[in-house]
Amino acid sequence: MTALINNYDEKAYYVQNAKYAIFCDLETTGLSVSKDEILTCGMIVTKWPETENIIDAMIFKCKPNSWSLEAETIHKITKKEANTFDSKEVFTNKILSFLEKNIDDEFCPVFIQHAVKDQGNNYFDFSFLMYHFMYQDKIFDFYKYFSQSLSFSTITFAHNLKKKKKLDFEDAKLNTLCKMFNIKFNHHDVGDDTKALY
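A brief report on the enclosed structure follows.

Calculation rules
- Residues numbered from 1 in each chain as written.
- Predicted model: local features only at pLDDT ≥ 70, side-chain atom pairs only at ≥ 80, totals over all residues.
- Heavy atoms only, no water.
- Buried < 20%, exposed > 50% of the residue type's maximum accessible area, 1.4 Å probe, protein only.
- Helix = DSSP H or I, 4+ residues; strand = E, 2+ residues; numbered from the N terminus.
- Polar contact = N/O pair within 3.5 Å; in protein donor to acceptor, adjacent residues only side chain to side chain.
- Phe/Tyr/Trp six-rings, centres within 6.5 Å; stacked < 30°, edge-to-face > 60°.
- Contact = heavy atoms within 4.5 Å.
- Patch = residues over 30% accessible without salt bridge, like charges linked within 9 Å, V, L, I, M, F, W, Y side chains within 5 Å.
- Areas by Shrake-Rupley, 256 points an atom, 1.4 Å probe, with all protein chains shown as cover.
- Salt bridge = Lys/Arg side-chain N within 4 Å of Asp/Glu carboxyl O.
- Pairing = 2+ DSSP bridges.
- Axes fitted to C-alpha atoms, helices over the stretch in contact; angles between N-to-C directions.

Side note on helix H9 (residues 190-197)
Then step 1. Burial analysis of H9 places seven of its eight residues in the buried class, the great majority of the element.
Then step 2. All of the buried residues in H9 are Val 190, Gly 191, Asp 192, Asp 193, Thr 194, Ala 196 and Leu 197.
Then step 3. Its side-chain oxygen at 3.1 Å from the backbone nitrogen of Gly 191, Asp 189 defines the N-terminal cap of H9.

Points about the packing of aromatic side chains
Then step 1. Tallying each qualifying case throughout the model produces 11 aromatic pairs.
Then step 2. On the numbers, 4.9 Å between centres and 55° between planes, the contact of Phe 124 with Phe 128 is tilted. Of the two residues, Phe 124 and Phe 128 are both situated in helix H5 (residues 124-135); the distance of four residues between them amounts to about one turn of the helix. Of the two residues, Phe 124 and Phe 128, both sit in the buried class.

Regarding the environment of Lys 88
Then step 1. Structurally, the position occupied by Lys 88 is in helix H4 (residues 88-102).
Then step 2. The spatial distance from the C-alpha of Lys 88 to the C-alpha of Tyr 135 is 9.6 Å, given a sequence separation of 47 residues.
Then step 3. If near-sequence neighbours (up to four positions away) are discounted, Lys 88 is found in contact with Glu 37, Cys 62, Lys 63, Pro 64, Asn 65, His 132 and Gln 136.

So, a nonpolar patch on the surface
Then step 1. On the surface, Tyr 131, Met 134 and Tyr 135 cluster together to form a nonpolar patch covering roughly 330 Å² of accessible area.
Then step 2. The topology assignment puts Tyr 135 in helix H5.
Then step 3. Taking the relative accessible area as the measure of exposure, Tyr 135 reaches 64% and is therefore exposed.

Here's the deal with the side chain of His 114
Then step 1. By secondary structure assignment, the location of His 114 is in the loop between strand S4 (110-113) and H5.
Then step 2. A distance of 2.8 Å separates a polar atom in the side chain of His 114 from a polar atom in the side chain of Asp 25.
Then step 3. Residues within four places of His 114 in sequence aside, it is in contact with Asp 25, Asp 125, Ser 153, Thr 154, Leu 174, Asp 193 and Leu 197.

Let's talk about the pairing of strand S1 (residues 20-28)
Then step 1. The element S1 is extensively covered by neighbouring structure, given that nine of its nine residues are classed as buried.
Then step 2. With nine bridges joining them, S1 and strand S2 (residues 38-47) adopt antiparallel strand pairing. Within S2, the position partnered with Cys 24 by the bridge is Met 43.
Then step 3. Where S1 and S4 come together, three bridges link them in parallel fashion. Note that in S4 the partner of Ala 21 across the bridge is Val 110.

A word on the sheet that holds strand S3 (residues 54-61)
Then step 1. Spatially, five strands are ordered S3-S2-S1-S4-S5 in an open sheet, and the strand pairing comes out mixed. Two strands close off the open sheet at either side, each with one partner strand: S3 and strand S5 (151-153). Mean inter-strand twist for the sheet, computed between neighbouring axes without regard to direction, equals 20°.
Then step 2. Here H4 sits on the sheet in contact with S1, S2 and S3, set at roughly 175° to S3.
Then step 3. The strands touched by H9 are S1, S2, S3 and S4; relative to S1, the strand with the most contacts, the crossing angle is about 145°.

Things to note about the pattern of salt bridges
Opposite charge on two side chains lets them pair, provided their charged atoms get close.
Then step 1. Applying the stated rule across the entire model yields four salt bridges.
Then step 2. The closest approach of N and O atoms between Asp 86 and Lys 94, which form a salt bridge, is 2.8 Å.
Then step 3. In this structure Asp 86 comes out as partly exposed when scored by relative accessible area, which is 22%.
Then step 4. Note on Lys 94: relative accessible area 40%, which makes it partly exposed.

Digging into the environment of Ala 57
Then step 1. By secondary structure assignment, the location of Ala 57 is in strand S3.
Then step 2. Its relative accessible area of 40% is what places Ala 57 among the partly exposed residues.
Then step 3. Here the alpha-carbon distance between Ala 57 and Lys 195, two residues 138 residues apart in the chain, equals 9.5 Å.
Then step 4. For Ala 57, the residues in contact, after removing those within four places along its chain, are Met 43, Ile 44 and Phe 98.

Distances and angles like these do not, on their own, reveal function.
Right, here's the structure in full:
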């Protein structure tokens, strides 16, 4: 796994010192960090750099303040179902309890997410989580477990796959990479997306 990240940029130093990895996927009501909200969050925690064995995995659900038919169509989650999800406070505390239970190192874990855009090192999931924790007055707790210096998207891996293995594909989105590696999953399902990312 580290072979697909190391020497990518100045982040290599941090990657080499991390002991854990978090594979994370969010499903949201839209793409705007400032306007939209988190619906579901899937996390898989592993050791780093040996990521073969899963330490723990969990799906968290968060009740949104607003709703859109577009979100319902994409995620197959109805407004009625979403109203049964945890409050934002409970959602946040469940994530923190999960991380505290599984990560016992002072150094932040590597954070791996899938790309939303086709360029740059996309921070979609990282940014949504950061804003969520900020508005819950938990930003200190957020930075205890998450660091942008250790945040990577599938773009990072795609960049190195093209370079090291001379593979060619049109973009670095999760569904594109899964198709290339023959990984079958239900896109926009938080459980499937997180497992496919892992």
